Amino acid sequence: MTDIFEGERPRLTSLCYRMLGERSGAEDAVQETWLRWAEADRERIDNPAAWLRRVATNIAIDALRKAQARRETYVGPWLPEPVMPTPEGAPVPRFELAQECELALLWAMERLNARERAAFILREAFDATYGEIAAALDTTEAACRQLVSRSQKKLQDSGPRFDATPEEVAALSERFFRAVMAEDHSAALALMTPQTVAISDGGAKRRAARRPLVGGAEILQVFSALVDRARREDGWTMRFAMVNARPALLRLRHGLLDSVTTLVPDRGGKIAWIYILVNPDKLDMVN
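Residues numbered from 1 in each chain as written. Predicted model: local features only at pLDDT ≥ 70, side-chain atom pairs only at ≥ 80, totals over all residues. Heavy atoms only, no water.

Novice: Would you explain the overall build of the protein chain in this entry?
Specialist: Helix and strand counts for the protein chain come out as 11 helices and 6 strands. By principal-axis analysis of the C-alpha atoms, the protein chain measures approximately 65 × 40 × 35 Å. Buried positions account for 48% of the 287 residues belonging to the protein chain. Considering only intrachain contacts with a sequence separation of at least 6, the fraction spanning at least 24 residues in the protein chain is 65%. Looking at the protein chain as shown, the accessible area adds up to about 14000 Å², and 49% of this sits on carbon and sulfur atoms. (Helix = DSSP H or I, 4+ residues; strand = E, 2+ residues; numbered from the N terminus. Buried < 20%, exposed > 50% of the residue type's maximum accessible area, 1.4 Å probe, protein only. Contact = heavy atoms within 4.5 Å. Areas by Shrake-Rupley, 256 points an atom, 1.4 Å probe, with all protein chains shown as cover.)

Novice: Looking at this model, I keep getting lost on helix α7 (residues 141-156). Mind explaining?
Specialist: Note: α-helices contain 3.6 residues per turn, so residues at a spacing of three or four share the same orientation. Between its first and last C-alpha, α7 extends 23 Å over 16 residues, near the 22 Å set by a 1.5 Å rise per residue. Looking at α7, one finds that the buried residues are C144, L147, V148, S151 and L155. Buried residues of α7 fall within an arc of 95° about the axis and therefore sit on the same side. In α7, the exposed positions that point more than 90 degrees away from the buried face belong to A142, Q146 and Q156. (Expected span 1.5 Å × (residues − 1). Arc of directions from axis to C-beta.)

Novice: Sorry, what's going on with the pattern of salt bridges here?
Specialist: Once their charged atoms are close, side chains differing in charge can pair, the charge on each being opposite to the other. Inspection of every chain in the model, using the stated rule, returns 25 salt bridges. Taking the shortest distance from any N to any O, the salt bridge between E8 and R11 comes out at 3.1 Å. Taken together, the residues span about one helical turn, with E8 and R11 both in helix α1 (residues 2-20) at a distance of 3 residues. For E8, a relative accessible area of 15% puts it in the buried group. One salt-bridge network, held together by shared partners, links E22, R71, E110 and R117. (Salt bridge = Lys/Arg side-chain N within 4 Å of Asp/Glu carboxyl O.)

Novice: Help me understand the pairing of strand β6 (residues 271-277), please; the structure alone is not making it clear to me.
Specialist: On a regular strand, one side chain projects to one face of the sheet and the next to the other, so that they alternate. Most of β6 is tucked away: 7 of the 7 residues are buried. Pairing of strand β1 (residues 192-201) with β6 involves 6 bridges; the strand directions are parallel. By the bridge assignment for β6, A198 is matched with I274. As judged from the 6 bridges shared by strand β5 (residues 256-265) and β6, these two strands associate in the antiparallel manner. Within β6, the residue paired with V264 across the bridge is W273. (Pairing = 2+ DSSP bridges.)

Novice: Any chance you could explain the packing of aromatic side chains here in plain terms?
Specialist: By convention here, two paired aromatic rings are described through the distance between centres and the angle between planes. Counted by the stated rule, this structure contains 8 aromatic pairs. Through successive ring pairs, a cluster of aromatic residues spans F176, F177, F223 and F240. The ring of W37 is capped by R42, whose NZ or CZ atom sits 5.4 Å from the centre of that ring. Positioned over the ring face of W107 is R111, at 5.9 Å from the centre of the ring. (Phe/Tyr/Trp six-rings, centres within 6.5 Å; stacked < 30°, edge-to-face > 60°. Lys NZ or Arg CZ within 6 Å of the ring centre and 35° of its normal.)

Novice: I keep staring at the environment of E100 and nothing clicks. Help me out?
Specialist: With respect to the secondary-structure elements, E100 resides in the loop between α3 (48-71) and α4 (103-108). Sequence separation between E100 and A125 is 25 residues, and the spatial gap between their C-alpha atoms is 9.6 Å. With residues near it in sequence (within four places) discarded, E100 still touches R18 and A245.

Novice: Sorry if this is basic, but what is going on with the packing of helix α8 (residues 166-181) against helix α10 (residues 216-232) here?
Specialist: Helix packing for two helices is described by the angle between their axes and how far apart those axes are. Closest axis-to-axis distance for the α8/α10 pair is 9 Å, and the angle between their directions is 60°. Viewed along their axes, α8 and α10 form a crossing whose handedness is right-handed. Contacts from F176, F177, V180 and M181 in α8 reach L220, F223, V227 and R231 in α10. Residues belonging to the contact of α8 with α10 are distributed by class as follows: 7 nonpolar, no polar and 1 charged. (Axes fitted to C-alpha atoms, helices over the stretch in contact; angles between N-to-C directions. Left-handed = near helix turned anticlockwise from the far one by under 90°. Nonpolar A, V, L, I, M, F, W, Y, C, P; charged D, E, K, R; others polar.)

Next comes the structure, spelled out in structure tokens:
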């Protein structure tokens, strides 16, 4: 009983993390799935993996609906939580598969309702058949095809690319951050467009923009202020690391993680979306 569940745990964690964009919420959903598995009549379960995925999906749908209600009153923009490697260089084992999901995609999926999100994730991330999705969502295959198609359209309209390689992101990030730190404003502005969006999440505990910043001039003003602060105060260091399978800039104060910043290119190779996480509650989980 335990061996079967533990064998599926990484996939269940990845599913729930994609659904919720929260690590603790994903773990809670997986734990609830375990409790239902422990109480189930397993002699009547022909396919344990499918059963567990179906149960986890529906637990995550309920959790997501509650989370979306909370996020409506969140202070400032809400951003998904990152999955970062441990100091030894590997992600936390239970989140190893979850790390493959890009932060930009997690953010974009916030515009989907819970059933759209579940159908999209099951189809695109887990290659589930429409029959399996229909069973998980208790609906028809035709309805699931509509859910997936509608989700894909909404995500395509969201702005960021989701097929950029880590190498593309790394090259664009290095050019942008080097220009910012060198105060080469023209070079930094040339890498953005009037549609470039920067979103910072400080929650209620850290100073951050309370709305998305749009356009290079507004975004550069914020980055310039951050660089200026780092130069005036002691203890600041910066380094690149892989976060959710893409390069990100980590800013540390006296060795403790203070912010995570990553970006996504558009189809023309310029910056479409910038993620800036400074909420200490989310960063404490990776410090």
